[in-house]
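# Topology and contacts: notes
This is what each chain is made of:
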Amino acid sequence: MNYVRISVKAPAKINLTLDVLAKRPDGYHEVEMVMTTVDLADRVDMTLREDGEITLDCSASFVPDDIRNHAYKAATLMKEKFQVRQGVHLYIDKQIPVAAGLAGGSSDAAATLRGLNQLWNLGLTRDELAKIGAEIGSDVPFCVYGGTALATGRGEQIAHLGAPAPCWVILAKPPIGVSTPDVYGNLRVAQIDNHPDTKQMLQAIATQDFSLMCQSLGNVLENVTLSLHPQVRQIKDLMVASGADGVLMSGSGPTVFALVQKEAKVHRIYNALRGFVKDVFVVRMLGAKEGEILA
Ligand SMILES: C[C@](O)(CO)[C@H](O)COP(=O)(O)OP(=O)(O)OC[C@H]1O[C@@H](n2ccc(N)nc2=O)[C@H](O)[C@@H]1O
Ligand SMILES: Nc1ncnc2c1ncn2[C@@H]1O[C@H](COP(=O)(O)OP(=O)(O)OP(=O)(O)O)[C@@H](O)[C@H]1O
């Protein structure tokens, strides 16, 4: 089918675990992370341009609209790699908070790769798109597939997992942006004393055991971000005090998420947080499903 315009959902991710095993000679860190997508999503609209230009607009004016934008980078890379004559206008409807630890920019890039594969009739597989995504950022390959996965290497090696136990996810982002390179830069790998039990998390997911999943949550970047931004600790404490079953910071932060199974608790936690931070979202995990193309 020949498209002229296509809209693709770009869901946020959360890290159920994030472990760092070593610092690599290339400056990246060897990680082991269990990630899952949630139904808080940007939307990337792609309109064919016959003049060959790549242009971008975003509903959030502070997000870069040039090559610094991960979605723009994705389009440039695809055009160059496959010598595409046509161009594209990208419009990003931004719903995911920026620099939040939710992979918003990476997911926009992944959505752009998926969308352009159709718009430009490239016929690439998801695995091929994920490989291209790794050239943009470590989180992009995961975002190309979505669902739930174990990510290793620098985060680009993906092993798919089944859906975790169904539950509510309450996200709260304090009004600060966190730089991922700064957080990794402040991490002292030899001093990490809170490695998560990744195997136990994999077991919790395989058996859809909600309480084991909550017990297995862990993120070694949390202490680094907590020391830079004490508000993150306050949000965690508030979630626990309001009855959350499990609480963790996502990625390099500063977004913190709470997991709960009972709907009554959702309201209690949401109301407690809203008195404290503006950005609070109640979402569901997307399970094992792949990112959805809307039109
Ligand atoms: C924190 C996470 O979001 C968790 O999912 C990811 O590990 C980071 O993924 P990302 O933002 O896509 O990261 P990239 O854009 O590839 O890298 C940004 C910077 O983060 C640091 N970085 C990133 C990934 C990794 N495994 N080790 C690192 O040390 C590096 O300083 C790198 O220059
Ligand atoms: N499409 C985009 N959306 C948001 N930010 C973008 C985008 N492209 C580039 N950026 C830049 O990337 C930086 C990180 O933004 P992003 O929202 O992707 O962070 P994040 O959620 O912490 O990512 P990750 O969890 O992958 O580390 C911001 O400073 C922003 O200027």
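Residues numbered from 1 in each chain as written. Chains lettered and ligands numbered in written order. Predicted model: local features only at pLDDT ≥ 70, side-chain atom pairs only at ≥ 80, totals over all residues. Heavy atoms only, no water.

## Concerning the site of ligand 2
Lining the immediate environment of ligand 2, one finds 20 residues, of which Ala 99, Ala 103, Gly 105, Asp 108 and Asp 139 sit closest. A distance of 3.0 Å is found between an oxygen atom of ligand 2 and a backbone nitrogen or oxygen belonging to Gly 101. At 2.7 Å, a side-chain N or O of Asp 139 approaches an oxygen atom of ligand 2. For ligand 2, the accessible surface in isolation is 610 Å², of which the surrounding protein chains cover 80%. A molecule is said to occupy a pocket when more than half its atoms come within 2 Å of that pocket's grid points, and by this definition ligand 2 occupies the largest pocket. Among the elements that make up the shell around ligand 2, the one with the highest residue count is helix H2 (residues 104-119) (four residues). The residue makeup of the shell around ligand 2, split by class, is eight nonpolar, seven polar and five charged. (Near = heavy atom within 4 Å. Polar contact = N/O pair within 3.5 Å; in protein donor to acceptor, adjacent residues only side chain to side chain. Areas by Shrake-Rupley, 256 points an atom, 1.4 Å probe, with all protein chains shown as cover. 1 Å grid on protein atoms, 1.4 Å probe; cavity = no way out; pocket = protein on both sides within 12 Å on 5 of 7 lines; lining within 4 Å. Sits in = over half its atoms within 2 Å of the grid points. Helix = DSSP H or I, 4+ residues; strand = E, 2+ residues; numbered from the N terminus. Nonpolar A, V, L, I, M, F, W, Y, C, P; charged D, E, K, R; others polar.)

## Some words on unusual backbone geometry
For the peptide bond that leads from Gly 253 to Pro 254, omega is 5 degrees, which places it in the cis range. With respect to the helices and strands, Pro 254 occurs in the loop between strand E9 (246-249) and strand E10 (256-260). A positive phi angle, near 45 degrees, is found at Gln 83, a position not held by glycine. Structurally, Gln 83 is set in the loop between helix H1 (70-81) and strand E4 (87-93). Phi is positive for Asn 121, which is not a glycine, with a value near 50 degrees.

## Quick look at the site of ligand 1
Looking at ligand 1, there are 18 residues lining it, with His 29, Ser 138, Asp 139, Arg 154 and Tyr 184 nearest. One of the backbone nitrogen or oxygen atoms of Arg 154 is found 2.9 Å away from a nitrogen atom of ligand 1. Between ligand 1 and the protein, one listed contact pairs an oxygen atom with a side-chain N or O atom of Tyr 184 at 2.6 Å. Notes on ligand 1: free accessible area 630 Å², of which the protein chains cover 82%. Judged by the fraction of its atoms near the pocket grid, ligand 1 is located in the largest pocket. The set of elements that each furnish at least two residues to the shell around ligand 1 consists of strand E1 (5-23), strand E2 (29-49) and helix H5 (180-185).

## Considering the nonpolar core
With 72 residues, the main nonpolar core has Val 20, Met 46, Val 88, Leu 113 and Met 239 as its most contacted residues. In terms of domain composition, this core takes at least three residues from each of domain 1 (5-161) and domain 2 (168-284). If we skip the residues at most four places from it in the chain, Leu 113 touches Ala 74, Met 78, Leu 129, Ile 132, Gly 133, Ile 136, Val 140 and Val 144. Core analysis: the second largest hydrophobic core is formed by 27 residues, Leu 102, Leu 171, Met 213 and Val 283 among them. (Core = buried A, V, L, I, M, F, W, Y, C linked by side-chain atoms within 4.5 Å. Buried < 20%, exposed > 50% of the residue type's maximum accessible area, 1.4 Å probe, protein only. Domains from an automatic or database assignment. Contact = heavy atoms within 4.5 Å.)

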